[in-house]
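Single-letter residue listing:
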Amino acid sequence: MSAAVTPTTRAVTAPGSLDRARRGGGRRRVTTWLLSALSVVLFVLFVFPVYWMVNTSFQPNNDVRGSEVHFFPDNFTLRNYETVIFDPGRTPFLPAAANSLVVTLLTVIIALVFAFLASVAVTRFRFKSRRAFILTILVIQMIPGEAMIVSVFRVVDGWQLLNTIAGLTIVYIATVLPFTIWTLRGFVNGVPVELEEAAMIDGCSRAGAFWRVTFPLLAPGLIATGVFGFIQAWNEFIMALVLNARPEMMTLPVWLRTFLVANGTTNWAGIMAGSTLMAIPVIVFFLIVQGRMTSGLVSGAVKG
Amino acid sequence: MTTVDQDLEPAAPSAVEGERLTAPGGGKPQRRGRRAAGFTPYALITPAIIVLAAIVGWPLVQLIITSFQEFGRAQVFGAPPNWVWFDNYIDVFTDPVFYGVLGRTLLFAGACVLVTMVLSTLIALMLVRLPKGFRMLLTVGMLLAWAMPALTATIVWGWMFDTAYGVINYALVNWFGLAEFDQHQWLINPLSFFMVAGIIVVWGAVPFAAFTLYAGLTQVPGEVLEAAQLDGAGGFARFRLIIFPYLKPIFMIVTMLQVIWDLKVFTQIFALQDIGGIRAQTNTLGVYIYQTSIAGGDFGHGGAIAVITAVLLMAISIYYIRQVLKEEEL
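What counts as what
Residues numbered from 1 in each chain as written. Chains lettered and ligands numbered in written order. Predicted model: local features only at pLDDT ≥ 70, side-chain atom pairs only at ≥ 80, totals over all residues. Helix = DSSP H or I, 4+ residues; strand = E, 2+ residues; numbered from the N terminus. Buried ≥ 20, exposed ≤ 12 C-beta atoms within 10 Å, placed from the backbone. Contact = placed C-beta atoms within 7 Å. Axes fitted to C-alpha atoms, helices over the stretch in contact; angles between N-to-C directions. Parallel < 35°, antiparallel > 145°, perpendicular 65-115°, else oblique. Left-handed = near helix turned anticlockwise from the far one by under 90°. Nonpolar A, V, L, I, M, F, W, Y, C, P; charged D, E, K, R; others polar. pLDDT = per-residue confidence, 0-100.

A look at the overall build of chain A
Then comes step 1: On a plain count of helices and strands, chain A comes out with 14 helices and 0 strands.
Then comes step 2: Element order for chain A, N to C, with α for helix and β for strand: α-α-α-α-α-α-α-α-α-α-α-α-α-α.
Then comes step 3: Counting all 304 residues of chain A, 49% fall into the buried class.
Then comes step 4: Within chain A, counting contacts between residues at least 6 apart in sequence, those at least 24 apart form 76% of the total.

Comments concerning the packing of helix α2 (residues 26-57) of chain A against helix α7 (residues 96-129) of chain B
Then comes step 1: Put simply, α2 of chain A and α7 of chain B touch, their axes get as near as 10 Å, and they point 125° apart. Accordingly, the angle class assigned to the pair α2 of chain A and α7 of chain B is oblique. Seen from above, α2 of chain A lies across α7 of chain B with left-handed handedness. Only I123, M126 and R129 of chain B of α7 of chain B make contact with α2 of chain A, whose side of the interface consists of T32, L35, S39 and L42 of chain A.
Then comes step 2: Within the contact of α2 of chain A with α7 of chain B, the residues separate by chemical class into 4 nonpolar, 2 polar and 1 charged.

Points about the confidence of the model for chain A
All names here are of chain A.
Then comes step 1: When pLDDT is averaged along chain A, the result is 83, and 86% of the positions lie at 70 or above.
Then comes step 2: The weakest mean pLDDT in chain A belongs to helix α1 (residues 7-13) at 38; the strongest belongs to helix α5 (residues 93-124) at 94.
Then comes step 3: The low-confidence segment residues 1-17, where pLDDT is below 50, has 55 contacts with residues more than four positions distant or belonging to other chains.
Then comes step 4: Below pLDDT 50 for its whole length, residues 294-304 participates in 40 contacts with residues either more than four positions away or in separate chains.

Here's the deal with the confidence of the model for chain B
Any residue range with low pLDDT should be treated as having predicted coordinates unsuitable for detailed reading.
Then comes step 1: Summary statistics for chain B give a mean pLDDT of 84 and a share of 88% for residues scoring 70 or more.
Then comes step 2: Confidence metrics for the complex model read pTM 0.83 and ipTM 0.82.

Concerning the packing of helix α7 (residues 145-158) of chain A against helix α16 (residues 285-295) of chain B
Then comes step 1: The N-to-C vectors of α7 of chain A and α16 of chain B enclose an angle of 15°; their axes lie 8 Å apart at closest approach. Taken together, the axis directions place α7 of chain A and α16 of chain B in an arrangement best described as roughly parallel. Considering the relative orientation of α7 of chain A and α16 of chain B, their crossing is right-handed. Across the interface between the two elements, E146, A147, I149 and V150 of chain A from α7 of chain A touch G286, I289, Y290, S293 and I294 of chain B from α16 of chain B.
Then comes step 2: For the contact of α7 of chain A with α16 of chain B, the class distribution of residues is 6 nonpolar, 2 polar and 1 charged.

Set out below in C-alpha cells:
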C-alpha cells in the first residue's frame with residue numbers, strides 16, 4: 001500500500017533468498033548451530049541493559065548498594081517508583097511528566113497537520129519552488145541541533161517564551177517537521193493518483209476524491225509518522241535543557257538528568273525507576289511502528 | 001549476466017511499480033496526476049514554511065551574525081554587541097583546545113562508525129543464515145536496544161559501569177578473577193571514558209544499521225550466488241564479488257548517516273560527564289558548543305564553533321542528500 005520499506009517485518013515474512021543458495025551439507029549444520037549460539041549471546045548483549053534497568057528499579061536501594069549483585073529482584077519492591085513519583089523534592093516528577101506529555105502531544109498533532117498539508121503539496125501538485133522546498137527539508141535535517149541551541153534560545157527569549165509550554169512546543173514542531181514531511185511524502189506517494197482519478201470520473205471533486213479515497217488509505221502512514229514524532233519529541237534533550245530549565249517547567253529527560261545529578265551515585269535504584277518510567281512509553285510506541293522506522297531515512301535506497 | 005538483470009526486475013515489487021504497470025506509455029506516471037496549479041500548493045506549504053523560517057531560518061541567520069560579534073553575558077542583558085568580524089574564528093582556529101576537541105570528535109566518530117558498520121554487516125549476514133526462531137530472538141533483542149532513548153541508555157550503562165556497585169566490575173572481579181577491577185573507575189581516564197561512550201553509541205546504532213543492511217541483503221538474488229558457488233567461489237569471494245556490490249548503495253547511505261549522527265553526538269557524552277567524566281578532557285564538538293555558549297556565556301566564540309561544526313556536517317551530508325535525491329527521482 002505504501003512504498004515504505006519494512007525491513008524487520010520482512011525479517012519474518014520473507015526469508016532471504018541467500019539461504020536458498022546455502023542450504024545442505026553437514027558443515028553447514030555445524031555453522032548454523034554456532035551462529036544460533038552466537039545469536040543468543042548477541043541477544044543477551046542487546047537486552048541486558050534494558051533488563052538491568054528494570055531489574056535494579058525493583059530492588060531496595062540496600063540491595064543495590066550491597067556487596068552482592070542481585071541478578072533478579074529477590075526482594076521485590078515498588079518503593080523506588082513510589083519515591084520517584086510522589087517525592088515532592090526540588091524537582092518533582094509529576095509536573096515534568098505532565099509537561100512532557102502536553103508538549104509531545106501538541107507537537108505531534110500540529111506537526112502532523114502542517115506536514116500533511118505540505119506533503120500533499122509536494123506529491124500532488126507541480127509548482128515552481130517544489131524542488132527547492134524538498135531540498136530545504138533535506139538540508140535542514142542535517143543542521144546539528146547543538147549548533148542552533150544558542151540562537152534558538154535567544155529567539156525564544158525574544159518572544160518571552162522561555163520556560164513555557166508554547167515556546168518548547170513551537171521549537172519541537174520545527175524539529176519534527178522536516179522528518180515528518182519527508183516520511184508522509186513517501187506515504188502519500190504510495191497511494192496511486194489513478195485511484196483519485198477514478199473517483200473523479202465517478203463524479204467526485206478533486207478535493208473530494210482526495211478526502212474520500214486517498215486520506216483513508218493514509219491512516220496507517222499518519223499513525224506511524226505521528227509515533228515517530230512522539231518518540232523524537234519525548235526523547236528530545238538539548239533544547240529542553242536550555243529552554244525550559246526552571247524546575248516546574250522541565251520535561252522528563254531534563255528532570256531525569258537533574259535527578260541524576262542531585263542524587264549522584266547514591267540512589268541508583270531510584271534513578272533506574274525514573275529511567276524506566278521515561279523509557280517505557282517510547283519502547284511501547286517504538287515496537288508498534290518499528291517496521292516503518294527506516295523508511296524515511298533510506299527510502300529509495302532499499303526500494304523493494 | 002543478462003538473465004540476472006531480467007530476474008532483478010520482478011524481484012522488486014512496490015506500490016510505485018504497480019502504478020507503472022497500470023500506466024501505459026511509461027515515462028513518469030506519478031507526475032501525470034500533478035496539477036500545475038497556481039495558488040493551492042503554496043497555501044499548503046505556508047504553515048510549514050512559517051514555522052521553519054521562525055525556528056530554523058531566523059536563528060541560523062542570527063547564529064552567523066553572532067559569530068562575527070563579541071557577544072557575552074552583557075549583550076544578553078541588552079548591551080549592544082561589538083562587531084569583531086573574523087576575530088572569533090581566528091581565536092577558535094588558533095586555540096589548541098578547539099583542535100583537541102575537533103580531533104577527539106573525529107577520532108571518536110570514526111571509531112564508532114567503523115565498529116558499528118563492521119558489526120552490523122556481520123549481524124546482517126548472520127540474520128540471513130539463522131534459523132527462523134533464532135532470527136526472531138535476535139530481532140526482538142535489537143529492537144529493544146534500538147527503542148531505548150539515548151539518555152536512559154547512557155544512564156543505565158553508566159550504572160552498569162559504576163565504580164562501587166556496577167555489575168561489570170562485579171563480573172570482572174568475581175567471574176573472571178580480575179581483582180584489579182575492584183573499585184575500578186571507568187570514567188576518570190579519558191580513553192576509557194570514550195570506550196564506554198563508544199559502547200553506548202555502538203550498542204544503540206547497530207540495530208538500525210543491521211536491519212537496514214539485512215533488508216538490502218534479502219534483495220541479493222539467490223541464483224547468482226548459487227551460480228558463483230558452482231563456479232567454485234568461496235564464502236569470502238561470494239561476499240566481495242556478489243553480495244557487497246549489491247549492498248553498496250545501502251551500505252554507503254547507512255555509513256553516511258552514522259558519520260553524521262556520531263559527529264554530532266551530544267546526549268551520550270553530556271550525560272556520561274554528569275555520571276563521572278572530566279568535562280575538559282572529554283568534550284566533543286556538540287558538548288563544547290554547549291559549554292562555551294550556554295555554560296560559559298560566550299556566545300560569539302560559541303557561535304563561531306557552531307558555524308564551523310554546521311559547515312563540517314553539511315559538507316559531509318552533501319553526499320547523502322545527493323544520493324537520496326538521485327534515488328527518489330524527484
